[in-house]
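# Structural characterization, general
Residues per chain are reported as follows:
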Amino acid sequence: MISVKEALKIVEENAFIPKVSEVSLLESVGKVLAENITADRDFPPFNRVAMDGIAIAQTLDSFKIETIQYAGEAQKSLQNPENCMEVMTGAVLPSGCNTVIRYEDIEIQEVDGVKVAKISIPLSEISQGQNVHRQGSDRKMGDILLQKGLKISPSEIAVMASVGKASVKVEIPPKVAVISTGDELVEITANPLPYQIRMSNSYMLSAALDRVGVKANLFHLTDDKEELFIKLQEILANHDILLLSGGVSAGKKDFVPEILANLGVKKLFHKVAQKPGKPFWFGKTEEGKTVFALPGNPVSTFLCFCKYFLERRNEVVVLDKDVFFKPNLTYFVPVKTYFQDGKLMATPFEGSGSADFANLTDCDGFVELPAESQVFKKGEVFEFVRFRF
């Protein structure tokens, strides 16, 4: 039996490596970026006018207006530094100008057929360079704008469009199989007999995968050794990642570890010093396919999925009451969180064990209490495994 830290390290070192494909820009939404996106020119690419108004070279009481610089036009030049040019938001700052005064702060009049802009605010309120978005002030040409590995949303689409990425390299989502094992399980549409229960783990895992953009195929296998071998062989051949629940403990019909070994899946560990989820099994094929064989109790299944499968976020919480736990195991306790004085507080919700999945509806995640202690005091800070966002 290995520690939580060791198990997590092994999972991370043996993570499935997705293939890469190039797709059109709009097809990339929701997928994972597989290349860095760099700026093909400065952001902004020119000194950009940030407000409608007039562009000036020096601060005077009034200016003759020479012409207008519109957005989308080539840069014009101010002919007389004592004059000004009308400018529109998004336009190139005219050559010879350094400052923009917005229309709200001037009055435009016509004097002897010439348009004149008079300043209507104290000159002391005008500062050189105001209302000008300087070239390269956001990003320089060659800067990395988007790092590979992030999930592409509409904001990333805008950035990539701005640098001319008509197509982009993305990770191909893995083919994932979610497999529930057990003779006691029936479909959710069935009327269960007194000794049967409806399947829930597979739907829980499928929903969690869907939330991170992965579509899973669902399977139910009975505790028949021959059927398990045949079906798992077929499923393994057609999927990149397998998520099983059940059949990995010490029961007479817990055949999953033996069958996975017979199918060529190398066991990397079996059993982790934690509660819940102690019987967790993890392995990998020579082709790089990964298998997560999770304990069948719903809370154990969900905890192992959140801790070892989902992308981890570094979060901590502060306990708001004492917790006592005697066994020398890492203890994952469901908690309800809230903010108090700028800190993320956690109320432990110990429930009635790893089969009590209904209490998860009242919680936001699991607080991770280390195996080295037995008493965890109110006010202490611990790692947090979030499942509610």
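So, here is what we can say about the structure in this document. Keep in mind the model is a prediction, meaning the values are calculated, not measured.

## Examining unusual backbone geometry
Note the cis peptide between Phe 43 and Pro 44, where omega equals -15°. Examined against the element boundaries, Pro 44 turns out to sit in the loop between strand E3 (37-38) and strand E4 (48-49). In this structure, Pro 276 follows Lys 275 across a cis peptide bond, with omega equal to -5°. Checked against the element boundaries, Pro 276 lands in the loop between strand E20 (274-275) and strand E21 (281-284). A positive phi is found at Asn 131, a non-glycine position, where the angle reads about 60°. Looking at the element boundaries, Asn 131 is found in the loop between strand E10 (114-119) and strand E11 (132-133). Phi at Lys 271 takes a positive value of approximately 90°, unusual for a residue other than glycine. Residue position: Lys 271 is located in the loop between strand E19 (266-270) and E20.

## Topic: the sheet that holds strand E6 (residues 62-69)
Pairing within the open sheet is mixed, and its 6 strands lie in the order E8-E5-E7-E6-E10-E9. With partners counted over all chains shown, the strands left at the sheet margins are strand E8 (99-102) and strand E9 (106-111), one partner each. Taking each pair of neighbouring strands and ignoring which way they run, the sheet shows an average axis angle of 40°. The sheet contact formed by strand E5 (residues 53-56) and strand E7 (residues 84-87) spans 4 bridges and is antiparallel. Each residue of the ladder has a partner; that of Ile 56, found in E7, is Cys 84.

## Details of the environment of Asn 98
Looking at the element boundaries, Asn 98 is found in the loop between E7 and E8. Sequence spacing of Asn 98 and Gly 129 is 31 residues, and the spatial spacing of their C-alpha atoms is 5.5 Å. Engagement of the side chain of Asn 98 in a polar contact is seen with the backbone oxygen of Ala 57, the distance being 3.1 Å.

## A closer look at the sheet that holds E21
In spatial order, the strands read E17-E14-E18-E22-E21-E19; together these 6 strands make up an open sheet with mixed pairing. The sheet is open, and its two edges are formed by strand E17 (216-221) and E19, each paired on a single side. Sheet twist, expressed as the average angle between the axes of neighbouring strands with direction ignored, equals 20°. Of the strand pairs in this sheet, strand E14 (residues 176-181) and E17 are connected by 6 bridges, and their pairing is parallel. Considered in E17, the bridge of Ala 177 is made with Asn 217. Across the face of the sheet, helix H1 (residues 4-13) comes into contact with E19, E21 and strand E22 (290-294) while running at roughly 155° to E19. Taken strand by strand, helix H6 (residues 298-309) contacts strand E18 (241-245) and E22, and its axis lies near 150° from that of E22.

## Some details on the pattern of salt bridges
Applying the stated criterion to the full structure yields 13 salt bridges. Of the charged contacts, one joins Glu 315 and Arg 386 as a salt bridge, the two residues approaching to 2.9 Å between their closest N and O atoms. Here Arg 386 lies in strand E29 (residues 381-386) and Glu 315 lies in the loop between H6 and strand E23 (316-319), a separation of 71 residues in the sequence. Judged by relative accessible area, which is 16%, Glu 315 ranks as buried. The partner of Lys 336 in a salt bridge is Asp 364, with the nearest N and O atoms 3.9 Å apart. On the criterion of sequence distance, the pair formed by Lys 336 in strand E25 (residues 330-340) and Asp 364 in the loop between strand E26 (343-348) and strand E27 (365-369) is long-range, its members being 28 residues apart. Residue Asp 364 is classed as buried on the basis of its relative accessible area, which comes to 8%. Among the ionic contacts, a cluster of salt bridges with common partners joins Lys 336, Asp 364 and Arg 388.

What counts and what doesn't
Residues numbered from 1 in each chain as written. Predicted model: local features only at pLDDT ≥ 70, side-chain atom pairs only at ≥ 80, totals over all residues. Heavy atoms only, no water. Helix = DSSP H or I, 4+ residues; strand = E, 2+ residues; numbered from the N terminus. Pairing = 2+ DSSP bridges. Axes fitted to C-alpha atoms, helices over the stretch in contact; angles between N-to-C directions. Polar contact = N/O pair within 3.5 Å; in protein donor to acceptor, adjacent residues only side chain to side chain. Contact = heavy atoms within 4.5 Å. Salt bridge = Lys/Arg side-chain N within 4 Å of Asp/Glu carboxyl O. Buried < 20%, exposed > 50% of the residue type's maximum accessible area, 1.4 Å probe, protein only.

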